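Examination of the molecular architecture
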Amino acid sequence: MAYSKDQVLDTHKDYKENISNWEYYIRSYNGGYDYMIGQYLNRYNLELDNEFNQRLANTPLDNHCRNIVQIYSSFLFRVKPTRDFGSMAEEPSLESFLKDADLEGNSFNAVIKQAQNYASIYGHCFLVLDKPAVQTRTKADELNQDIRPYISIVTPENVLDWNFKREVNGKYYLDFLKVREEVDKEGGTYMRMWYPDRIDTLYQKDEQEPSIIDTAENQIGKIPAVILYNSKSHKRGLGMSDLTDISDLQKSIYNDYSEIEQLIRLSNHPSLVKTPSVNASAGAGAIIEMPEEIDSNLKPYLLQPSGANLQSIMDSIKHKVEAINRIAHTGAVRTTKQQVSSGIALQTEFELLNARLSEKADNLEIAEEQL
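As the structure is a computational prediction, the values presented were derived from the model and not from experiment. (Residues numbered from 1 in each chain as written. Predicted model: local features only at pLDDT ≥ 70, side-chain atom pairs only at ≥ 80, totals over all residues. Heavy atoms only, no water.)

Structural notes on the overall build of the protein chain
On a plain count of helices and strands, the protein chain comes out with twelve helices and ten strands. By its C-alpha atoms, the protein chain is 100 × 65 × 40 Å across when sized along the principal axes. Counting all 371 residues of the protein chain, 39% fall into the buried class. A sequence separation of at least 24 residues applies to 61% of the contacts in the protein chain between residues at least 6 apart. Computing the positive centroid from 40 side-chain charges and the negative centroid from 55, the protein chain places the two 3 Å apart. (Helix = DSSP H or I, 4+ residues; strand = E, 2+ residues; numbered from the N terminus. Buried < 20%, exposed > 50% of the residue type's maximum accessible area, 1.4 Å probe, protein only. Contact = heavy atoms within 4.5 Å. Lys, Arg positive; Asp, Glu negative; His and termini not counted. Charge placed at Lys NZ, Arg CZ, Asp CG, Glu CD.)

Some remarks on the state of the cysteines
For the structure on display, the rule yields zero disulfides. No disulfide involves Cys65; its sulfur sits 18 Å from that of Cys125, the nearest cysteine. The exposure class assigned to Cys65 is buried, which follows from its relative accessible area of 0%. On the accessibility criterion, Cys125 (0% relative accessible area) is buried. (Disulfide = S-S within 2.5 Å.)

Topic: a nonpolar patch on the surface
Nonpolar side chains collect at one region of the surface, where Val333, Leu346 and Phe350 lie side by side and expose about 210 Å² of accessible area between them. Its location among the elements puts Phe350 in helix H12 (residues 343–370). Residue classification places Phe350 among the partly exposed positions, given a relative accessible area of 35%. (Patch = residues over 30% accessible without salt bridge, like charges linked within 9 Å, V, L, I, M, F, W, Y side chains within 5 Å. Areas by Shrake-Rupley, 256 points an atom, 1.4 Å probe, with all protein chains shown as cover. Salt bridge = Lys/Arg side-chain N within 4 Å of Asp/Glu carboxyl O.)

Quick word on the packing of helix H4 (residues 49–58) against helix H9 (residues 246–268)
Their axes nearest at 10 Å, the elements H4 and H9 cross at an angle of 105°. In terms of axis orientation, H4 runs roughly perpendicular to H9. Every residue of H9 that contacts H4 at Arg55, Leu56 and Asn58 is listed here: Tyr254, Ser258, Glu261, Gln262 and Arg265. Class assignment of the residues belonging to the contact of H4 with H9 gives a composition of two nonpolar, three polar and three charged. (Axes fitted to C-alpha atoms, helices over the stretch in contact; angles between N-to-C directions. Parallel < 35°, antiparallel > 145°, perpendicular 65-115°, else oblique. Nonpolar A, V, L, I, M, F, W, Y, C, P; charged D, E, K, R; others polar.)

Quick notes on the nonpolar core
Membership of the largest hydrophobic core comes to 71 residues, with the highest contact counts inside it found for Ile121, Trp162, Leu177, Met193, Trp194, Leu228 and Leu243. Counting residues per element, this core draws most heavily on helix H7 (residues 108–122), which supplies seven residues. Those residues in contact with Leu243 that sit more than four places away from it in its chain are Tyr25, Tyr29, Cys65, Val69, Ser120 and Ile121. (Core = buried A, V, L, I, M, F, W, Y, C linked by side-chain atoms within 4.5 Å.)

So, H4
Of the residues making up H4, those classed as buried are Phe52, Arg55 and Leu56. Summarising the axial view, the buried residues of H4 lie within an arc of 100°, below the 170-degree limit, and thus occupy one face. Those residues of H4 that are exposed and aimed more than 90 degrees away from the buried face are Asn50 and Ala57. The inward-facing, buried residues of H4 contact helix H3 (32–37) and H9. (Arc of directions from axis to C-beta.)

A few points about the packing of helix H5 (residues 64–76) against H7
The contact between H5 and H7 brings their axes to 10 Å, and the two run at 140°. As the angle between them shows, H5 and H7 are arranged oblique. Both H5 and H7 take part in a crossing whose hand is right-handed. On H7, the residues touching Val69, Tyr72, Ser73 and Leu76 of H5 are Lys113, Gln116, Asn117, Ser120 and Ile121. Per-class residue counts for the contact of H5 with H7 are four nonpolar, four polar and one charged. (Left-handed = near helix turned anticlockwise from the far one by under 90°.)

So, to be careful, I would describe these as geometric facts and stop short of saying anything about function.
So this is what it looks like as structure tokens:
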């Protein structure tokens, strides 16, 4: 089967609607350079590019998104999960799979924990269970060469298209999946098309027509991809991120820090207003030399804004942090308040947090059973 360029480049309508949000969430989680190049500061009127870039470089990020995700993960995996493999317990390759589930040295627990973090950030992620297409004569040869299934975590921005089909009994199953596997240094893209009967690997570069590199038979008759939901949304195949509202509050705090930095800078270093003929600088201990014939109305002076707004900005940040704790139900865990909260308030906070963690744990169990 040949593919056209439009078929390869076309994406799901939900992908088009959500790709900018997914990029925003992962940048909010990563922080640092990734967040800076996202340019999430509000730009001033008439602000030049170099001034804006300087402000981006000088503004620190208080990363609440990563902290919230790590708190959820630490609570979920504080106790190692227990699994009952039933009849699979005697499977010889199971032990090596649990020790190295992704063929990169990460255990099954580590892979699931990483997948949970991605699901918390994006709302969901895909777990693809694949096996190398290597033919062996016996099961012993397969075990000796460590040819066995492995898990790949695919984040939503790399799943370009998908489709669910309904069976006669009403159950929905995945009958098409388009995954972007890799982008090489020349700008070419490797893609994999999953169907119930076959798996096509394609290469597409720039405006050229795509070429099929490999076609393999899908021997299990279904697409071995499982969606790990953080929390299910109203759309099939899409989850709800924990960072939906927290990332906006973090961006607002980020802008407040920029205002604080600007206010302190301007308060400590006022602007000098003078005519071109006046020889002066605005540094500490500077000498100002004025022509004798200068008009008294043209004497140089300093423009210094008031720093009275500094406390109100700090109070605004404090209220936004409290809002983040309230949204994430982590007030009892992240609080730095000196006053003692009541036992009922703490108990309610932990119950709300436990309810959210329980939902995440249920979704993890469902994903593992499907795997």
